[in-house]
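Below, each chain spelled out in residue letters.
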There are 2 protein chains.
Amino acid sequence: MAVKIGKRTIELQTKPKIISYGSIVGKLEHEGPIGHEFDKHITDSFFGEKSFEKAESKLQKTAVEIALEKVNLKPCDIDKIFAGDLLNQCIGSSFGLKSFGIPFIGLYGACSTMALSAGLASIFIDSGATEKAIAVTSSHFCSAERQYRFPLNYGSQRTPNAQRTVTGSGAIILSNEGEGPYIDKVTFGEITDYDITDVNNMGAAMAPSACDTLKHFFEDTNTTPEDYDVIYTGDLGSVGTLLLYELMSREGYDLKCRHADCGLLIFDNEGQDVHAGGSGCGCSASVLASFIMHRFESGDFKNILFMSTGALLSPTSSFQGESIPGVSHLINIKI
Amino acid sequence: MAVKIGKRTIELQTKPKIISYGSIVGKLEHEGPIGHEFDKHITDSFFGEKSFEKAESKLQKTAVEIALEKVNLKPCDIDKIFAGDLLNQCIGSSFGLKSFGIPFIGLYGACSTMALSAGLASIFIDSGATEKAIAVTSSHFCSAERQYRFPLNYGSQRTPNAQRTVTGSGAIILSNEGEGPYIDKVTFGEITDYDITDVNNMGAAMAPSACDTLKHFFEDTNTTPEDYDVIYTGDLGSVGTLLLYELMSREGYDLKCRHADCGLLIFDNEGQDVHAGGSGCGCSASVLASFIMHRFESGDFKNILFMSTGALLSPTSSFQGESIPGVSHLINIKI
């Protein structure tokens, strides 16, 4: 039975546990500062498939398989799968997961999908409706560039504040029993819109929503950044991170000492020439399902916030002169 | 507290009530056999906006406003909004709903979205996490044709088994208290794939998933079609409906006497020249939030099944030679 605390936050009574996780990334992510943390990596952007989109589906399928194998579970042991991605009509998820035969809850939260899927899965478990659920998402640099910006073959120059979509996928298995860190609270965000229209500046588009969700969480729980080991954001990158600090400071919170951004962890921004950092659904997903989970296992983490940040744009809306609204969802993980 | 019954079905203990609903449709839908049932209709495909996509967003916004007005609620009275649509990156929902300031759960289930959103909302309410939630979706003939098939200006000929995307939106408000029909059970479907590749034959792509979800529901609840006043499918149209009858008959169920398809209710297929019937997220959504709800109010219905059926294709997957997987989600509504 979940309990609403404050305006937005939901406290889970059964403490759904993350009993397993799996991650797979691309070559550049593997060569990055936390490359050794991921379960698998690919060296060919096509992953043996005929298109980038099919490769992305295979990434998602592989992340789920890794997570299942680690705890010796089969797809039929899982009640529900919560998934989404950045591709039009979320084909990364539907084609990647169709062979599992698990009831499928399709989501669209752009890069907020990992916290959205984990949050929904944990509420399903808390409600009693579900015993075991998987939350998974993915992104692929090549399929995202082709869809949102330009086909890679154009060789177009990226702006300094542009982020690089992570090629990768992360999956976690949540359960009403077993061992592992648990999801204690969830805060779902509202859509915020600061009229950012620059499609190369996702960080600026997402920072206001990150601030809004975080502020609500702190108010609802009567806590401050100092109460958490680390506060992870999904993929604000270097530009969005500075904006978040500024916005939070106006609200009276000093985030700097406790904050890390998955998009800034996954690449060496200068050495790997990725400009403002990593982005994409697969960014926070693969970091959660590796680096973050490992630190719970080693005892370094006891209580963190994980907030995925999404920019709800499409090329169509941008071509029509629309702004880029943002949405951020947050989960509080403890052990 | 929700209870899992059988393999797939979830029974809700708190019986979340549908306390309000709102619908708005296009001109052709208003001229159809149930046109008088809808709350509002538009006469201009642009709905006073500059693009079909913006018109679709406005449809969704309007459906929510109608539902709120009927019970004198404001957006701030609503805990969560569950929404999705057919447009790339679900911009119909994100741009349509951003002004409400309600925590936003973005979904992608193609035409299965209405049952998906209502099912998720009811589980949130049952879990205690939410008091009042809105489930909403939309579609627009012109934005869907442009995105999935051809721009209308091409004047391309539609095949006889093609369906016409409904221009419309339907929203329902679910609550843990109040009066109205309630959601008693939910069954989320898995993705099924019968290797249908004809993008003009959505009915055939969705019928196997409809059969799968329905069969699971009957087995889980130990009921038969005769136990329900009507079993509504979303938008199988004339081709998909016949296929569903055949598939269900192989499983030992005679559906004919109890079945109706929202896609066949909304248009006069021959008189309105819509070929195999209506389709799109807005089809089952607008029929649920008008025709079906009215029959609960009049006392004609006591116990129905409402199953939205989705085809998980995108132009990209079809161009790459992929099949069209289907997914169907079901809610059991009683009074």
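Right, let's walk through the structure included here. (Residues numbered from 1 in each chain as written. Chains lettered and ligands numbered in written order. Predicted model: local features only at pLDDT ≥ 70, side-chain atom pairs only at ≥ 80, totals over all residues. Heavy atoms only, no water.)

### Overview of the overall build of chain A
Of regular secondary structure, chain A possesses ten helices and 15 strands. Taken over the C-alpha atoms alone, chain A extends approximately 50 × 50 × 35 Å along its principal axes. Burial status across chain A gives 69% buried among its 335 residues. Considering only contacts within chain A whose residues lie at least 6 apart along the sequence, 77% involve residues at least 24 apart. (Helix = DSSP H or I, 4+ residues; strand = E, 2+ residues; numbered from the N terminus. Buried < 20%, exposed > 50% of the residue type's maximum accessible area, 1.4 Å probe, protein only. Contact = heavy atoms within 4.5 Å.)

### A look at helix α9 (residues 281-297) of chain A
All names here are of chain A. Its 17 residues place the ends of α9 24 Å apart at the C-alpha level, agreeing with the 24 Å of an ideal helix rising 1.5 Å per residue. Taking the largest bend as the criterion, α9 deviates by roughly 40°, centred on leucine 288. In the segment just after α9, glycine 299 is the residue with positive phi, at about 90°. (Expected span 1.5 Å × (residues − 1). Bend = angle between axes of the 7 residues up to and from the residue.)

### Let's talk about the pairing of strand β9 (residues 168-175) of chain B
Residues and elements named next belong to chain B. Here β9 lies mainly inside the structure; eight of its eight residues are buried. Neither face of β9 is open: one carries Gly168, Gly170, Ile172 and Leu174, the other Ser169, Ala171, Ile173 and Ser175, and all of them are buried. Bridging between strand β7 (residues 132-139) and β9 involves eight bridges; their strand directions are antiparallel. Residue pairing in the sheet places alanine 135 in a bridge with isoleucine 172 of β9. (Pairing = 2+ DSSP bridges.)

### Description of the pattern of salt bridges
Two side chains that carry opposite charge are able to pair once their charged atoms sit near each other. If you walk through the whole model with that rule in mind, you get 36 salt bridges over all chains. The salt bridge involving lysine 185 of chain A is made with aspartate 184 of chain A; its shortest N-O contact spans 2.7 Å. By relative accessible area, lysine 185 of chain A is classed as buried at 9%. Judged by relative accessible area, aspartate 184 of chain A falls into the buried class, the value being 2%. The residue arginine 250 of chain B makes a salt bridge to glutamate 246 of chain B at a minimum N-O spacing of 2.9 Å. Highlighted residues: arginine 250 of chain B and glutamate 246 of chain B, both in helix α7 (residues 237-250), separated by four residues, approximately one helical turn. The class of arginine 250 of chain B is exposed, set by a relative accessible area of 63%. According to the relative accessible area criterion, glutamate 246 of chain B is partly exposed, its value standing at 43%. (Salt bridge = Lys/Arg side-chain N within 4 Å of Asp/Glu carboxyl O.)

### Here's the deal with the packing of helix α4 (residues 113-127) of chain A against helix α4 (residues 113-127) of chain B
Following both chains from N to C, one finds α4 of chain A and α4 of chain B inclined at 55°, their axes separated by 9 Å at the closest point. Relative to α4 of chain B, the element α4 of chain A is oriented oblique. Here α4 of chain A runs over α4 of chain B; the crossing is left-handed. Residues Leu120, Ile123, Phe124 and Ser127 of chain A of α4 of chain A form the contact with α4 of chain B, whose participating residues are Leu120, Ile123, Phe124 and Ser127 of chain B. (Axes fitted to C-alpha atoms, helices over the stretch in contact; angles between N-to-C directions. Parallel < 35°, antiparallel > 145°, perpendicular 65-115°, else oblique. Left-handed = near helix turned anticlockwise from the far one by under 90°.)

### Let's talk about the interface of chain B and chain A
Contact with chain B, which involves 56 residues of that partner, is made by 56 residues of chain A. Contact between chain B and chain A buries roughly 4800 Å² in total, counting both sides, with carbon and sulfur atoms accounting for 62%. In this structure, the connection of chain B to chain A is made through eight salt bridges. As a salt-bridge pair, glutamate 322 of chain A and lysine 54 of chain B come within 3.8 Å of each other at their nearest N and O atoms. Taken together, the connections running from chain B to chain A amount to 22 residue pairs in polar contact (both at pLDDT 80 or more). Secondary-structure elements contributing two or more residues to the side of chain B that touches chain A are β1 (2-5), α2 (52-70), α3 (91-97), β6 (104-106), α4, α5 (141-148), α10 (315-319) and β15 (326-334) of chain B. (Buried area = accessible area lost by both parts, 1.4 Å probe. Polar contact = N/O pair within 3.5 Å; in protein donor to acceptor, adjacent residues only side chain to side chain.)

### Side note on the relation of the copies chain B and chain A
Between the two copies of this chain, the relationship is a rotation about some axis together with a displacement along it. For the pair chain B and chain A, the best superposition has an RMSD of 0.0 Å and corresponds to a rotation of 180° with a translation of 0.0 Å parallel to the axis. Here the two chains are linked by the operation of a two-fold rotation axis. Taken as a fraction of all interface residues of chain B, those also at the interface in chain A reach 100%, which identifies the copy contact as same-surface. (Least-squares fit on C-alpha atoms with pLDDT ≥ 70 in both.)

### As for the packing of aromatic side chains
For the structure on display, the rule yields 20 aromatic pairs over all chains. Taking the centre distance of 5.0 Å and the plane angle of 75° together, the rings of phenylalanine 82 of chain B and phenylalanine 124 of chain B count as edge-to-face. Of this pair, phenylalanine 82 of chain B sits in strand β5 (residues 80-85) while phenylalanine 124 of chain B sits in helix α4, and the two are 42 residues apart along the sequence. By relative accessible area, phenylalanine 82 of chain B is classed as buried at 0%. Take phenylalanine 124 of chain B: its relative accessible area is 0%, and that puts it in the buried class. Their ring planes at 65° and their centres at 6.2 Å tell us that phenylalanine 217 of chain B and phenylalanine 218 of chain B sit as a pair that is edge-to-face. Overall, phenylalanine 217 of chain B belongs to the buried group, its relative accessible area being 0%. Sitting above the plane of the phenylalanine 141 of chain A ring, arginine 164 of chain A keeps its charged end 3.7 Å from the centroid. Its end group placed over the ring of phenylalanine 291 of chain B, arginine 295 of chain B keeps NZ or CZ at 3.8 Å from the ring centre. (Phe/Tyr/Trp six-rings, centres within 6.5 Å; stacked < 30°, edge-to-face > 60°. Lys NZ or Arg CZ within 6 Å of the ring centre and 35° of its normal.)

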